[in-house]
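Below are the chains, spelled out letter by letter.
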Amino acid sequence: MSLIVAKSLSKTYATDSVEVKALQDVSFEIEPGAFLAFIGPSGSGKTTLLNLVGCLDKPTSGELQVAGMDVLKLGRRQAAEFRGQNIGFIFQSFNLIAVLTAFENVEYPLVMVQELPLAERRDRVLKALQAVGMLEQKNQMPEQLSGGQKQRVAIARALVTRPKLVLADEPTANLDHQTAYMILRLMKQMRDSFGITFIFSTHDTRIIGEAEIIYSLEDGRLVQREERGKPNVQSSEDRGAKLTAL
Amino acid sequence: MFNLVKIAARNLRRYKRRSLLTVSLIAFGVVFVLVFVAVTVSIKDFMIAQITDSYLGALQIHRGGYVASIESLPLNLNLAPTAVSQIEKTLAGIKDVDAYSERIKFGALFSNFKETTNIRINGVYPEKECAALPQMLSRISEGEKCVSALEKGKILVPKLLAQGFGAKVGDTVVVVATNKDGSVNGKTFLVSGILESATGPGGRDGYINFDDAKEILRISGNEVSEIVVRVKSLPKVEDVAQSIRAGLGLGEKKQKGGGIEVHTWSQLSPFANIANMIDVMTFFIKVMLIAIVLISILNVMIMAVYERVREIGTIAAIGTLPRKILSLFLVEGFCLGLTGAIVGVAFGLGIIFGLNLSKITFNFGQATGLILAPTIAPMEVVTASLLVIVVSVLASLQPAYKASRMEPIDALRHV
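Residues numbered from 1 in each chain as written. Chains lettered and ligands numbered in written order. Predicted model: local features only at pLDDT ≥ 70, side-chain atom pairs only at ≥ 80, totals over all residues.

Participant: An account of the overall build of chain A is needed here, citing residue identities and associated values.
Facilitator: On a plain count of helices and strands, chain A comes out with eight helices and 10 strands. Against the globule reference of 18 Å for 246 residues, chain A gives a C-alpha radius of gyration of 17 Å, in line with a compact fold. Over its C-alpha atoms, taken along the principal directions, chain A stretches across nearly 50 × 40 × 35 Å. Burial status across chain A gives 48% buried among its 246 residues. Across chain A, contacts joining residues at least 24 apart in sequence account for 72% of those joining residues at least 6 apart. (Helix = DSSP H or I, 4+ residues; strand = E, 2+ residues; numbered from the N terminus. Rg over C-alpha atoms; globule rule 2.2 N^0.38 Å. Buried ≥ 20, exposed ≤ 12 C-beta atoms within 10 Å, placed from the backbone. Contact = placed C-beta atoms within 7 Å.)

Participant: Residues and numbers for the pairing of strand E2 (residues 19–30) of chain A, please.
Facilitator: Residue and element names in this part refer to chain A. In the sheet, strand E1 (residues 4–14) pairs with E2 via eight bridges, with the strands oriented antiparallel. Opposite Ala14, over in E2, you have Glu19 as the bridge partner. Remark: four residues form the turn of the hairpin made by E1 and E2, two consecutive strands paired antiparallel. (Pairing = 2+ DSSP bridges.)

Participant: Give a description of the interface of chain A and chain B that names residues and reports values.
Facilitator: Contacts between the two partners involve 19 residues from chain A and, on the opposite side, 19 residues from chain B. Mapped onto the side of chain A that touches chain B, the elements with two or more residues apiece are helix H2 (76–86) and helix H3 (102–113) of chain A. Counting residues per element, the side of chain A that touches chain B draws most heavily on H2 of chain A, at five residues. Counted by class, the side of chain A that touches chain B contains 12 nonpolar, three polar and four charged residues. (Nonpolar A, V, L, I, M, F, W, Y, C, P; charged D, E, K, R; others polar.)

Participant: Describe the nonpolar core, and please don't skip the residues or the numbers.
Facilitator: Among the nonpolar cores identified, the biggest contains 127 residues, and Leu36, Ala156 and Leu159 of chain A together with Val30 and Leu34 of chain B are the most heavily contacted of them. No other element matches helix H2 (residues 16–56) of chain B, which puts 12 residues into this core. Once you skip the residues sitting within four places of it in the chain, Ala156 of chain A turns out to touch Val106, Ala128, Leu129, Ala131, Val132 and Met134 of chain A. Of all hydrophobic cores here, the second largest spans 60 residues; its members include Leu79, Ile155, Ile216 and Leu250 of chain B. (Core = buried A, V, L, I, M, F, W, Y, C linked by C-beta atoms within 7 Å.)

Participant: Any details on the packing of H2 of chain B against helix H13 (residues 378–404) of chain B? Residues and values, ideally.
Facilitator: All names here are of chain B. Remark: H2 packs on H13, axes separated minimally by 11 Å, with the N-to-C direction vectors making an angle of 155°. The angle between the axes of H2 and H13 places the two elements in the roughly antiparallel class. The element H2 and its partner H13 pack so that their crossing is right-handed. Together, Ile26, Val30, Val33, Leu34 and Val37 of H2 and Glu380, Val381, Ala384 and Val388 of H13 make up the contact between the two elements. Looking at the contact of H2 with H13, its residues break down into eight nonpolar, no polar and one charged. (Axes fitted to C-alpha atoms, helices over the stretch in contact; angles between N-to-C directions. Parallel < 35°, antiparallel > 145°, perpendicular 65-115°, else oblique. Left-handed = near helix turned anticlockwise from the far one by under 90°.)

Participant: An account of the sheet that holds strand E8 (residues 197–202) of chain A is requested, with residue identities and associated values reported.
Facilitator: Residue and element names in this part refer to chain A. Strand order in the open sheet formed by six strands is E6-E7-E8-E3-E9-E10, and the pairing between neighbours is mixed. Each having just a single partner strand, strand E6 (87–90) and strand E10 (221–227) make up the two edges of the open sheet. If you compare each strand with its neighbour and ignore which way they point, the axes differ by 20° on average. By the bridge criterion, four bridges tie strand E3 (residues 35–39) to strand E9 (residues 213–218) in an arrangement that is parallel. Counted as the bridge partner of Leu36 is Ile213 from E9. Across the sheet, helix H5 (residues 147–159) lies against E6 and strand E7 (165–169), angled at about 170° from E6, the strand it touches most.

Participant: Tell me what's going on with the confidence of the model for chain A, and back it up with residues and numbers.
Facilitator: With 93% of its residues at a pLDDT of 70 or more, chain A has an overall mean of 86. In the predicted structure, residues 231–237 of chain A sits below a pLDDT of 50 and forms 15 contacts with residues beyond four places in sequence or in another chain. (pLDDT = per-residue confidence, 0-100.)

Participant: Lay out H5 of chain A in plain terms, naming residues and giving numbers.
Facilitator: Each α-helix turn comprises 3.6 residues. Residues three or four places apart therefore point the same way. All names here are of chain A. Taking 1.5 Å of rise per residue, the 13 residues of H5 would be expected to cover 18 Å, and the 18 Å separating its terminal C-alpha atoms lies within 8% of that figure. Within H5, 11 of the 13 residues are buried, which leaves the element mostly enclosed by the surrounding structure. Buried within H5 we find Gln149, Lys150, Gln151, Arg152, Val153, Ala154, Ile155, Ala156, Arg157, Ala158 and Leu159. (Expected span 1.5 Å × (residues − 1).)

Participant: Tell me about the packing of H5 of chain A against helix H6 (residues 177–194) of chain A, and name the residues and values.
Facilitator: All names here are of chain A. One can describe the packing of H5 onto H6 by two numbers: an axis separation of 10 Å at closest approach and a directional angle of 20°. Relative to H6, H5 is oriented roughly parallel. H5 and H6 meet at a crossing whose hand is right-handed. Contacts from Gly147, Gly148, Gln151, Arg152, Ile155 and Leu159 in H5 reach Thr179, Met182, Ile183, Leu186, Met187, Met190 and Phe194 in H6.

Participant: Give a description of unusual backbone geometry that names residues and reports values.
Facilitator: One non-glycine residue, Arg162 of chain A, lies in the positive phi region at around 55°. Judged by C-beta crowding, with 20 C-beta atoms within 10 Å, Arg162 of chain A ranks as buried. The phi dihedral of Phe113 of chain B falls on the positive side, at around 75°, and the residue is not glycine. As for its placement among the helices and strands, Phe113 of chain B is situated in the loop between strand E2 (97–111) and strand E3 (116–124).

Participant: Tell me what's going on with the environment of Glu107 of chain A, and back it up with residues and numbers.
Facilitator: All names here are of chain A. Its place among the elements puts Glu107 in helix H3. Residues Glu107 and Gln92, spaced 15 residues apart in sequence, show a C-alpha to C-alpha distance of 20 Å. Apart from the residues lying within four places of it in its own chain, the contact partners of Glu107 are Arg121 and Val125.

Participant: Which residues make up the environment of Lys402 of chain B, and what are the values?
Facilitator: Here Lys402 of chain B is to be found in helix H13. Lys402 of chain B gets classed as partly exposed once you count the C-beta atoms within 10 Å, which come to 17.

Here it is as structure tokens:
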């Protein structure tokens, strides 16, 4: 069963005088465990598409199912709950909470969203930080971390809730090439280790090659699908077992 | 909850200068309110105590209509012996009554055999009067400062009258009065003391023994003009008055209709209006505190929300429910208010303690060199603190609500 099914998604932003068609009739299906990129130039609709898949926005028309849920029917509160349980986010500017340490940033969704008990939280956070190689820096504040380290913490924060899907909007845009490459490798490694589906958007040609499936967008339309490597599709039991290890 | 407080505290620390300024402003407001309340309330209480304990009593009982015509001190409106014994029986049954004293009041001529003037005479039982008005003896500026000053044949002369007449302790004077029947009677007295006025210049009240008053007025029974009552706790005076009215079977109609009247000190003294004004001032000072807290918290929280739009977008995107975002900002406002209240209370109590140590003096009426001893009731401290905290949370409500209603997608786009 597909993790994401999108049918004829369109999104139009209307102002008083101008109507901008950000997405036009976009359809696709994404299998669990995919490591997938939406690529395209600025303004091609990558971010809009990720926002729709991440239940942060709603299309003007079309159908969208994520993890078997018709997410377009979700209200504001239900959408937040759905995101908290099923989707992890990695942002271009890392978006770590400035007043919290690396440990606390990763712990945040477990406290404020999933409301897990202390012992379980601690266990999960330490494992997530270890998985991204940030255990030693766990007590450092975001301002004390480099860009690459911040993004590693952000990846740990996205993974710690054991989501089915991680969405990363231009995750390497603020990083140098070497760090960007390392972050992509780390994301792929996390996919391999925990079976979590990773979808990222980028216009950085240097890292596009890391994606196994590439969707190209132009002017809001999906123009090409390219498969570079076969995703390691797993059963939900396999994925559950791997996530528990996180 | 602990995590909310931790995050709120860290956010407040993030903007140290602004948080410090806000806390200082709130603390200043709390200090001002506490010190103002402590000083004004202690002065007010002192003045009320001075009035009630030295001449007025906490409440007074008269025959109906007496107070309305008190300037003429009408003898025909005295309480009859049967009424007096009924009142005494009632007072004995009320546990909050500490003491009471019967008085006969009448207008008289006061003469030193050279000059004559008018005087208001209060015939009292010395022990009872001193029990009902414990500060009465302290008003004696010259002469015997004890109950013996009111033994039979002695008179306490008001200071201004004594000065005008050149009367001194040990002089002999004569008091002449007209009784109820219209006949005139007089009696010589030894000046045993000079009496300060309780409230300031003026006052023509002299004091003699109750039996001497009866003798001058040729009263045979236990007839009195008024009964002055001291209560164990002044704030309960209205309750005691109600108990007395109930005990005497006085309804509202009967109270007005000419039976027996019970008046509290606030109904008898114009100082009650000043006391009320002090209460009104205190109220407005508290309103100012609310305004200070409201504006400063609202300002700082609006800024906090505006500066953290992307952060709000991030936490909303990762699944934080709107009510949790609301709580985050409310807790921040709560922490600011709480810190301001704690600092303000600490400094406020410190200043009050300092004022007590510095022993500042003030004058009231004829009393000079009175030491200012501000005190504040724990309830006032709790009220001021709760007021600040509640207003802080309320002021945070609008910015917090705005934060919780932000669309994550819009907030994440914010630059």
